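# Coordinates in review
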Amino acid sequence: MRFLTAAVLAFVLTVPGAGAAFAADEPDLIFKKSTVWKFLTPDHKLATYAIDDPIVDGVSCHFTVPEKGGVSGWLGVAEEVSDVSLACRQVGPVTIKENFEQGEEMFRQRRSFLFKKMRIVRGCDARRNVLVYLVYSDKLIEGSPKNSTSTVPLMPWGETTPPKCGDYLSD
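Residues numbered from 1 in each chain as written. Predicted model: local features only at pLDDT ≥ 70, side-chain atom pairs only at ≥ 80, totals over all residues. Heavy atoms only, no water.

### Let's talk about the confidence of the model for the protein
In this model, the protein carries an average pLDDT of 78, and 64% of its residues clear a pLDDT of 70 or more. For the protein, the element scoring lowest by mean pLDDT is strand β1 (residues 21–22), at 37; strand β5 (residues 85–96) scores highest, at 96. A low-confidence stretch, residues 1–24 (pLDDT under 50), is modelled with 25 contacts involving residues beyond four sequence positions or located in other chains. (pLDDT = per-residue confidence, 0-100. Helix = DSSP H or I, 4+ residues; strand = E, 2+ residues; numbered from the N terminus. Contact = heavy atoms within 4.5 Å.)

### Considering the state of the cysteines
Throughout the structure, instances matching the rule amount to two disulfides. Disulfide pairing is shown between C61 and C88; the S-S distance is 2.0 Å. Sign of the S-S torsion, about 105 degrees for the bond between C61 and C88, identifies this disulfide as right-handed. Placement of C61 in strand β4 (residues 56–67) and of C88 in strand β5 is noted, with a sequence separation of 27 residues between them. When sorted by exposure, C61 lands in the same class as C88, which is buried. Sulfur-sulfur distance for the disulfide between C124 and C165 comes to 2.0 Å. On the sign convention where negative is left-handed, the bridge of C124 and C165, at about 70 degrees about the S-S bond, is right-handed. Placement of the pair is C124 in strand β7 (residues 116–125) and C165 in the segment after β9 (147–153), with a sequence separation of 41 residues. Residue C124 shares its accessibility class with C165, and that shared class is buried. (Disulfide = S-S within 2.5 Å. Buried < 20%, exposed > 50% of the residue type's maximum accessible area, 1.4 Å probe, protein only.)

Printed below as a string of structure tokens:
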């Protein structure tokens with residue numbers, strides 16, 4: 001058992017991204033709130049993060065995820081639950097830097113040691129000129145139906161005219 005624990009810890013520390021988020025930018029931690037007190041180990045928490053869309057300037061998303069405490073959470077080997085909430089908003093003038101596909105991944109974060117990932121994907125409702133963001137978690141073996149959606153209507157900001165998101169969809 002001691003060998004297995006050491007092997008797991010060595011993997012997490014040596015494999016790039018094994019215990020970290022995958023994205024161009026790491027999300028900014030806004031705050032954490034304890035939900036279950038644990039004696040001598042970290043508490044279970046809800047953590048709220050912010051991330052800017054890497055190809056759409058002027059849009060930011062906030063998401064809240066549960067983070068397990070206890071020994072497995074402390075070692076970074078806990079499988080996190082799939083409950084995630086998402087809110088995305090226009091926070092400045094919008095500039096879309098490049099074309100994108102419907103459902104293109106904007107952010108990905110590992111939620112378990114091996115199999116589960118949380119993903120935020122982006123789409124465009126061209127008819128309404130609204131960016132649509134979906135957060136979900138997937139598991140290699142069985143999947144997960146839990147998800148949350150947020151929309152960002154592209155609005156004028158000051159003197160700027162918003163872009164039409166449909167003009168940036170890849171065919």
